[in-house]
Amino acid sequence: EDQVTQSPEALRLQEGESSSLNCSYTVSGLRGLFWYRQDPGKGPEFLFTLYSAGEEKEKERLKATLTKKESFLHITAPKPEDSATYLCAGRAAGNKLTFGGGTRVLVKP
Amino acid sequence: DTAVSQTPKYLVTQMGNDKSIKCEQNLGHDTMYWYKQDSKKFLKIMFSYNNKELIINETVPNRFSPKSPDKAHLNLHINSLELGDSAVYFCASSQRTGTDTQYFGPGTRLTVL
């Protein structure tokens, strides 16, 4: 069975304190590793898709990387507006996404 | 301008009732999905439709029945609601099946009393 595990469950950062979120996956025939951001009371907002080991993508203070077993979301010099839950999902055939439980990030000013 | 919209935003109802949640997307996408997010925040896929045809049907009770009148709409009807059905339900859409990013709606919080 496909499985995606995210750690830590929660992360408290001071503004400017860089950190990384981990996403471990076992998804048969992985066809993409997705990162989403979810704010309270809202739907997940797409951030990145990674397809192959070694691939990296960046958007503002966020950078996602992929290995054969894990993906990392690095947050560089975070700001309070980066506070959200970050969700990782692996896609198998048929566009079925398997989500992890998310990492709740709180950035304090 | 909302890409994927859902109604209602909140739904509070008694056990045993029947309710529907509606979803519409204006992105011109061919594929739509229903997900359930439980209290532990795990998002799990329930159904997927491609051009009005059911293509993913996870292990979901028969009380849940999706209906797609056209490729821009995917509704979720739930019969005989139970306490365990309380969750947030998200609709999503993608350009095609198999290769494309899924875009999510704002969610419907269902509370069964």
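Heads up: the structure comes first, above all this text.
Residues numbered from 1 in each chain as written. Chains lettered and ligands numbered in written order. Predicted model: local features only at pLDDT ≥ 70, side-chain atom pairs only at ≥ 80, totals over all residues. Heavy atoms only, no water.

**A look at the interface of chain B and chain A**
Taken together, the contacts link 24 residues of chain B with 19 residues of chain A. Buried surface at the junction of chain B and chain A, summed over both partners, amounts to about 1,500 Å²; 51% is from carbon and sulfur atoms. Of the charged contacts in the structure, one is a salt bridge between Glu58(B) and Lys96(A), with a shortest N-O distance of 3.2 Å. Among the secondary structure elements, those contributing two or more residues to the side of chain B that touches chain A are β4 (31-37), β5 (43-50), β9 (87-94) and β10 (103-104) of chain B. (Contact = heavy atoms within 4.5 Å. Buried area = accessible area lost by both parts, 1.4 Å probe. Salt bridge = Lys/Arg side-chain N within 4 Å of Asp/Glu carboxyl O. Helix = DSSP H or I, 4+ residues; strand = E, 2+ residues; numbered from the N terminus.)

**Some thoughts on the packing of aromatic side chains**
Taken as a whole and assessed by the stated rule, the structure comprises 11 aromatic pairs over all chains. Judged by centre distance (6.0 Å) and plane angle (80°), the ring pair of Phe99(A) and Phe104(B) falls under edge-to-face. You can see Phe99(A) sitting in strand β10 (residues 97-99) and its partner Phe104(B) sitting in strand β10, one on each of two chains. For the pair formed by Phe99(A) and Phe104(B), the shared burial category is buried. (Phe/Tyr/Trp six-rings, centres within 6.5 Å; stacked < 30°, edge-to-face > 60°. Buried < 20%, exposed > 50% of the residue type's maximum accessible area, 1.4 Å probe, protein only.)

**Digging into unusual backbone geometry**
Here the residue pair Ser7(A) and Pro8(A) is connected by a cis peptide bond, since its omega of -10° sits within 30 degrees of zero. Within the fold, Pro8(A) resides in the loop between β1 (3-7) and β2 (10-14). Each neighbour pair has its own omega, and for Thr7(B) with Pro8(B) the value is -5°, a cis peptide bond. Examined against the element boundaries, Pro8(B) turns out to sit in the loop between β1 (4-7) and β2 (10-13). A positive phi angle is found at Ala77(A), which is not glycine, with a value near 45°. If you trace the backbone, Ala77(A) turns up in the loop between β8 (70-75) and β9 (84-91).

**Looking at the pairing of strand β8 (residues 73-78) of chain B**
All names here are of chain B. Where burial is concerned, the two faces of β8 differ: the one with Leu74, Leu76 and Ile78 is buried and the one with His73, Asn75 and His77 is not. Sheet topology places strand β3 (residues 19-25) next to β8; 4 bridges connect them, and they run antiparallel. What sits directly across from Ser20, in β8, is His77. Turn length for the strand β7 (residues 64-70)-β8 hairpin, with the two strands adjacent in sequence and antiparallel, is 2 residues. (Pairing = 2+ DSSP bridges.)

**Describing the state of the cysteines**
Residues and elements named next belong to chain A. Applying the stated criterion across every chain, the model contains 2 disulfides over all chains. Each sulfur of the disulfide joining Cys23 and Cys88 lies 1.8 Å from the other. Torsion about the S-S bond of the Cys23 and Cys88 cystine: about -60°, corresponding to left-handed handedness. Linking Cys23 in strand β3 (residues 19-26) with Cys88 in strand β9, this pair joins segments that are 65 residues apart in sequence. (Disulfide = S-S within 2.5 Å.)

**Describing the nonpolar core**
Of all hydrophobic cores here, the largest spans 23 residues; its most connected members are Leu21(A), Trp35(A), Leu73(A), Tyr86(A) and Val105(A). Of all the secondary-structure elements, those providing two or more residues to this core are β2, β3, β4 (33-38), β5 (45-50), β7 (62-66), β8, β9 and β11 (103-108) of chain A. Within the second largest apolar cluster, 20 residues are counted, among which are Trp34(B), Val60(B), Ile78(B) and Ala87(B). (Core = buried A, V, L, I, M, F, W, Y, C linked by side-chain atoms within 4.5 Å.)

**Notes on the pairing of β1(A)**
Residues and elements named next belong to chain A. What you see with β1 is a clean split: Val4 and Gln6 sit on the buried side and Gln3, Thr5 and Ser7 on the side with no burial. The sheet contact formed by β1 and β3 spans 5 bridges and is antiparallel. Each residue of the ladder has a partner; that of Val4, found in β3, is Tyr25.

**A word on the environment of Gln3(A)**
Residues and elements named next belong to chain A. Tracing the sequence through the fold places Gln3 in strand β1. It is 9.2 Å that separates the C-alpha atoms of Gln3 and Ser28, two residues lying 25 residues apart in sequence. Those residues in contact with Gln3 that lie beyond four places of it in its chain are Ser24, Tyr25, Thr26, Val27 and Thr98.

**Structural notes on the pattern of salt bridges**
A complete count under the given rule lists 8 salt bridges over all chains for this structure. Of the charged contacts, one joins Asp39(A) and Arg37(A) as a salt bridge, the two residues approaching to 3.0 Å between their closest N and O atoms.

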